[in-house]
Amino acid sequence: MFLRWSYVRFLFGLRHMGANWQVGDGREQALADYVCAHARRHDIDDVIRTIDEFCYTKSYLINVGDEKGRILDRAVAAARPRRLLELGTYCGYSALRIARAMPADAVLYSIEFNPANAAVAQRIWDHAGIGDRVVVIVGTLGDGGRTLSALREEHEFISGSLDFVFLDHVKEEYLPDLHRILEQDWLRPGSVVVADNVKYPGAPEYRAFMRQHERVRWRTREHRTHAEYQKVLKDLVLESTYLG
Ligand SMILES: C[S@@+](CC[C@H](N)C(=O)[O-])C[C@H]1O[C@@H](n2cnc3c(N)ncnc32)[C@H](O)[C@@H]1O
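Attention here is on the structure that accompanies the text.

Rules of the game
Residues numbered from 1 in each chain as written. Predicted model: local features only at pLDDT ≥ 70, side-chain atom pairs only at ≥ 80, totals over all residues. Heavy atoms only, no water. Helix = DSSP H or I, 4+ residues; strand = E, 2+ residues; numbered from the N terminus. Buried < 20%, exposed > 50% of the residue type's maximum accessible area, 1.4 Å probe, protein only. Contact = heavy atoms within 4.5 Å. Expected span 1.5 Å × (residues − 1). Arc of directions from axis to C-beta. Near = heavy atom within 4 Å. Polar contact = N/O pair within 3.5 Å; in protein donor to acceptor, adjacent residues only side chain to side chain. Areas by Shrake-Rupley, 256 points an atom, 1.4 Å probe, with all protein chains shown as cover. Nonpolar A, V, L, I, M, F, W, Y, C, P; charged D, E, K, R; others polar.

### Let's talk about the environment of G244
One can find G244 in the segment after β7 (234-242). We classify G244 as partly exposed; its relative accessible area is 45%. When the C-alpha atoms of G244 and A104 are compared, they prove to be 27 Å apart, with 140 residues separating the residues in sequence. Ignoring sequence-local partners within four residues, the contact set of G244 consists of P189, V216 and R217.

Structure follows, in structure tokens:
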């Protein structure tokens, strides 16, 4: 019964997702209020636990979630990255998981299209005490060069400097944005790219690209899993190592 109800809440949450990537009923701000009221300050584990609790018991949110989050945790820990890039911050949940798994001297740069989501994430990160290890940048990699040049000129993104990328934004932009990163020459052999939602909602061109280049330019592991916060809809997370 619990599983069926969480699936219904999942579909209901999606139905209200607006074109600006907010559900539109204030639930992202409600999440930040809930975290500040219920999670222990500067306790990252408790902040992550509190966000999951909110999503299972109050309102569905499009975070990577706990099940796929564990795949992300393991990929980050195995890569031991120093410089990381996330596309799609939303409320900062995946960034919390990444920050917890990455080395203490690593920095995560997270790109978010919607300034209201970036503000929610910043508030939650400050509560978790990771505000100095995660940098949110409002923009997109496809905004005519503005965000790419900010990364190059203000944040020292140089050739071969990027160890880890998490793709979790608009699915049609996974492949174009990967190409933008490759054109900048930021990856090095051994850099890891993790992509969420490859089965649901689906990023078929991205999956086909990785299959086409398997063992030539990329080596990919496909993780079979479920869409966030329910056990009915199946999803895939791709973990790809760049071979150069
Ligand atoms: C699925 S949510 C990200 C969830 C987040 N990674 C997590 O697990 O906590 C997608 C986010 O990507 C943002 N977004 C949409 N298009 C984007 C783009 N081209 N570049 C960066 N962010 C984008 C949306 O505003 C939304 O906040």
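### Observations concerning helix α2 (residues 27-38)
With twelve residues, α2 ought to run about 16 Å at 1.5 Å a step, and its terminal C-alpha atoms sit 16 Å apart, in line with that. Every buried residue belonging to α2 is among R27, E28, L31, A32, Y34 and V35, and all of these are buried. Taken end-on, α2 shows its buried residues confined to a sector of 160°, consistent with a single buried face.

### Thoughts on the site of the ligand
Contacts to the ligand come from 20 residues, most closely from V64, G88, S94, E112 and D168. One nitrogen or oxygen atom from the side chain of S94 is found 2.8 Å from a nitrogen atom belonging to the ligand. Within the side chain of N117, a nitrogen or oxygen atom sits 3.0 Å from an oxygen atom of the ligand. When the ligand is considered free in solution it has 600 Å² of accessible area, and contact with the protein chains removes 96% of it. Counted by class, the shell around the ligand contains eight nonpolar, nine polar and three charged residues.

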